[in-house]
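Observations on chain architecture
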Amino acid sequence: MSFIFVALGGALGALARYAISLIPMKVEFPVLTLVTNIIGAVLIGFVVGFASNRENVSENAVLFWKTGVCGGFTTFSTFSLEAFNLLESKRYLAGGSYIALSVACCIVGVICGKKLAMLIRGF
């Protein structure tokens, strides 16, 4: 049964990622992937923070959101390809900035998501 929750969440996450990719942007920097990964980091931090030490959160709900939605939504493979392409085309500043921003912002996103979940759990 857990596979169904992961699959449904993955489908929802992939659809959301695709919807974001349709936003028209005329920049060479992969902004939409960066934003998608930051949103995914905040979401996974929130899910983990909300579910921690809570007995009334089902394992299937966590699988749906964390493994399914976040796994289908975030785009680390796309991030890796875009970073490689920037570096391969000798756009070292853009590539390095993209890598540093992605890692730093996503870690901060996880922290923010966990803190948000703790705030909500406190109410």
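The paragraphs below set out a description of the structure included in this document. (Residues numbered from 1 in each chain as written. Predicted model: local features only at pLDDT ≥ 70, side-chain atom pairs only at ≥ 80, totals over all residues. Heavy atoms only, no water.)

1. Side note on the overall build of the protein chain
Stated precisely, the cut-off is as follows: Counting from the N terminus, the helices are the DSSP runs of H or I reaching at least four residues and the strands are the DSSP runs of E reaching at least two. Accessible area is worked out with a 1.4 Å probe on protein chains only. A residue is then buried under 20% of its type maximum, exposed over 50%, and partly exposed in between. Any two residues whose heavy atoms approach within 4.5 Å are treated as being in contact. Residue exposure ignores everything except the shown protein chains as possible cover, and the areas themselves are Shrake-Rupley values with a 1.4 Å probe.
Secondary structure assignment for the protein chain yields five helices and zero strands. Judged by the C-alpha coordinates and their principal axes, the protein chain covers about 50 × 30 × 20 Å. In the protein chain, buried positions account for 28% of the 123 residues. Put simply, 75% of the contacts in the protein chain that link residues at least 6 apart link residues at least 24 apart. For the protein chain, the accessible surface area stands at approximately 7,800 Å², while carbon and sulfur atoms represent 72% of it.

2. Here we look at the pattern of salt bridges
Operational definition: By convention in these notes, a salt bridge is any Lys or Arg side-chain nitrogen within 4 Å of a carboxyl oxygen on Asp or Glu.
This model, assessed by the stated rule, comprises one salt bridge. Two residues, arginine 91 and glutamate 28, come together in a salt bridge whose shortest N-O distance is 3.5 Å. Note that arginine 91 is positioned in the loop between helix H4 (76-88) and helix H5 (92-122) and glutamate 28 in the loop between helix H1 (2-21) and helix H2 (31-51), a separation of 63 residues in sequence. Overall, the relative accessible area of 66% leaves glutamate 28 in the exposed class.

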